Amino acid sequence: MTGETERFPARRRRLPGRPAVLGERDFRWFFVGYATSLVGSSMAPVAVAFAVLGGGGGGTELGWVMAARILPIVLVMLFGGVVADRLGSRRVMLAADVLRCGVQGVFAVLLLTGHARLWAMVVLVAVWGLGEGVFLPSLGALVPALVRREERLPDANTLLGLARSVSTVAGPALAGVITAGYGPGAVLVIDAVTYGVGALALARLSVAPRGAAAAGEGDRGDSMLADLRDGWSAFRSRRWLWVTTVQMGLFNLLVWAPFLVLGPLTAQRELGGARAWGLVMGVYGVGAVLGGLLMLGRRPGRPLAVATVATLGWALPSASLAAGLPLGWTVAAALVAGSGAAVCGSLYESTLQRWVPAEVLARVTAFGGLGAFVLGPLGLAAAGPLADRVGVAAVLAFGAGWQLLAAAAVLAVRAVRSRGWAGEPGVDEEVVEPARSAAGAG
């Protein structure tokens, strides 16, 4: 990254025919490959679910398969961050895409030949999850290296967020049509091909190694535990970073997980069933697309403050369901929440990449991701039993109230409220960086 004192314009500019960041060769290649692989990735869960059910499995078996994918992501994320900082993000992401391409190809062959057994599905989705676990920390660390001009970084993150949002809307719909017509194996063939496209795009990048990899530290003799300690020091020393991570972790535990579990139940009982729930989630995706479009070309002067205000919208869908409002209100709430998710994601990622040194960025990203998502499975498991004891509306209402209080508490933290695009680290941030990696600073 460029020096800490470089100005990062905090103003709104008029959009050109296309975002300027798409004129940068490396980012353009990566964007095409990543967007393509995202479509396949969002199609695959639908195919896997119907593969399990079509093979005679039920809810329990489907739960095993879903857990087999999520658990490896959580377990290897920190390892993925260390490896990415040592070897370079592009290498790690390329290996992850090749691995996932192969896994989905094998899965597709087993399904198409009628040899997919439950144990094989569990093993394959676990390896798929391993690939995702090492890919995700590398992604946040790679993006700054693809953008030559730092002021284009927010647009880069916004475009990647848009690709994710569009894929969550289009992917499941395409998967449903293809699965119905040709079976789940055909969907996984497509997914394997899209991972191959992503790998080819990564292979074409000419981006130079950054941070620890650039300094030749990938061959050093230090232990991975020492690398993790350095990453943890960099993470905990930034108050704005760990405060927002705690907010996200508790959001996933108390708000989003109960919404995902109890929302379909409420829709089934009161709103018209699966069609109504599909509409709510589809409009959430549309809101995310609109939020991403809104962010293109915009540089709020206090990005973390704006991102935190955007999280207030996440309380609305749960509040609508808890209050027993008609479907239209819940759909509108989902639209606002989806827009807020896109705004928050774009601004948070850009701030992280702006203020964390390149040599520890993948590890810091891994700690942030782990903190944000590690409590999610507990929330998913506890939402149903808790609702049986205190009622569905009470659990959802608590989540909505919690989100409002949490956003207000985060905004009260000066390090969050005052964090901007430019300037030197202030009194709210004690920068603790590993001395051995100073030579590798970007």
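Residues numbered from 1 in each chain as written. Predicted model: local features only at pLDDT ≥ 70, side-chain atom pairs only at ≥ 80, totals over all residues. Heavy atoms only, no water.

Asker: So what's going on with the overall build of the protein chain? Residues and values would help.
Answerer: What the protein chain contains, in helices and strands, is 17 helices and 0 strands. Split into buried and exposed, the 442 residues of the protein chain put 53% on the buried side. Counting every atom, the protein chain has about 18600 Å² of accessible surface; 68% of that belongs to carbon and sulfur. (Helix = DSSP H or I, 4+ residues; strand = E, 2+ residues; numbered from the N terminus. Buried < 20%, exposed > 50% of the residue type's maximum accessible area, 1.4 Å probe, protein only. Areas by Shrake-Rupley, 256 points an atom, 1.4 Å probe, with all protein chains shown as cover.)

Asker: Break down helix α1 (residues 25-54) for me, citing the residues and quoting the values.
Answerer: Because the α-helix completes a turn every 3.6 residues, residues three or four places apart line up on one side. With 30 residues, α1 ought to run about 44 Å at 1.5 Å a step, and its terminal C-alpha atoms sit 44 Å apart, in line with that. Residue Ala 44 marks the point of greatest curvature in α1, where the axis turns by about 25°; the proline Pro 45 follows within four residues. Gly 56 sits one or two positions beyond α1 and adopts a positive phi of about 100°. (Expected span 1.5 Å × (residues − 1). Bend = angle between axes of the 7 residues up to and from the residue.)

Asker: Let's hear about a nonpolar patch on the surface: which residues, and what values?
Answerer: Judged by side-chain polarity, Val 169, Val 286, Leu 290, Leu 293 and Leu 335 come together as a nonpolar surface patch covering roughly 370 Å² of accessible area. Sort the elements by how many residues they give to the nonpolar patch and helix α10 (residues 274-295) lands first, with 3 residues. In this structure Leu 290 comes out as partly exposed when scored by relative accessible area, which is 45%. (Patch = residues over 30% accessible without salt bridge, like charges linked within 9 Å, V, L, I, M, F, W, Y side chains within 5 Å. Salt bridge = Lys/Arg side-chain N within 4 Å of Asp/Glu carboxyl O.)

Asker: Requested: an account of the packing of aromatic side chains, with residues and values cited.
Answerer: Using the criterion set out here, one finds 10 aromatic pairs in the structure. A cation sits over an aromatic face here: Arg 69 above Trp 128, 4.0 Å from the ring centre. Positioned above the aromatic ring of Phe 135 is the side chain of Arg 100, whose terminal nitrogen or guanidinium carbon lies 4.5 Å from the ring centre. (Phe/Tyr/Trp six-rings, centres within 6.5 Å; stacked < 30°, edge-to-face > 60°. Lys NZ or Arg CZ within 6 Å of the ring centre and 35° of its normal.)

Asker: If you had to explain the confidence of the model for the protein chain to someone new, which residues and values would you point to?
Answerer: When pLDDT drops low, the exact placement of atoms in the prediction is not to be read closely. Summary statistics for the protein chain give a mean pLDDT of 79 and a share of 85% for residues scoring 70 or more. Element-level pLDDT for the protein chain is lowest in helix α7 (residues 211-214), with a mean of 50, against a maximum mean of 93 in helix α6 (residues 184-203). Low confidence marks residues 1-17, where pLDDT is under 50. Its contacts with residues over four positions away, or in another chain, come to 44 contacts. The low-confidence segment residues 215-220, where pLDDT is below 50, has 10 contacts with residues more than four positions distant or belonging to other chains. (pLDDT = per-residue confidence, 0-100. Contact = heavy atoms within 4.5 Å.)

Asker: Tell me about the pattern of salt bridges, and please be specific about residues and values.
Answerer: Applying the stated criterion across every chain yields a total of 3 salt bridges. With a shortest N-O distance of 3.0 Å, Arg 25 and Asp 26 are connected by a salt bridge. Residue Glu 132 pairs with Arg 69 through a salt bridge whose shortest N-O separation is 2.5 Å. Placement of the pair is Glu 132 in helix α4 (residues 118-146) and Arg 69 in helix α2 (residues 59-87), with a sequence separation of 63 residues. Looking at Glu 132, the relative accessible area reads 10%, which means it is buried.

Asker: Give a description of the nonpolar core that names residues and reports values.
Answerer: Counting residues in hydrophobic clusters, the biggest one holds 57 residues, and the most contacted among them are Phe 27, Phe 30, Leu 142, Leu 159, Trp 240, Leu 352 and Val 364. Residue contributions to this core peak at 8 residues, all from α4. With 27 residues, the next largest nonpolar core counts Ala 267, Trp 277, Ala 337 and Val 343 among its residues. (Core = buried A, V, L, I, M, F, W, Y, C linked by side-chain atoms within 4.5 Å.)

Asker: Mind laying out the packing of α4 against helix α14 (residues 361-373), listing which residues take part and the relevant values?
Answerer: Where α4 contacts α14, the axes come no closer than 8 Å and their chain directions differ by 135°. With respect to each other, α4 and α14 are oriented oblique. The interaxial crossing formed by α4 with α14 has right-handed handedness. Mapping the contact onto sequence places Leu 136, Pro 137, Gly 140, Ala 141 and Pro 144 in α4 and Leu 361, Ala 362, Thr 365 and Ala 366 in α14. Grouping the amino acids of the contact of α4 with α14 by side-chain chemistry returns 7 nonpolar, 2 polar and no charged. (Axes fitted to C-alpha atoms, helices over the stretch in contact; angles between N-to-C directions. Parallel < 35°, antiparallel > 145°, perpendicular 65-115°, else oblique. Left-handed = near helix turned anticlockwise from the far one by under 90°. Nonpolar A, V, L, I, M, F, W, Y, C, P; charged D, E, K, R; others polar.)

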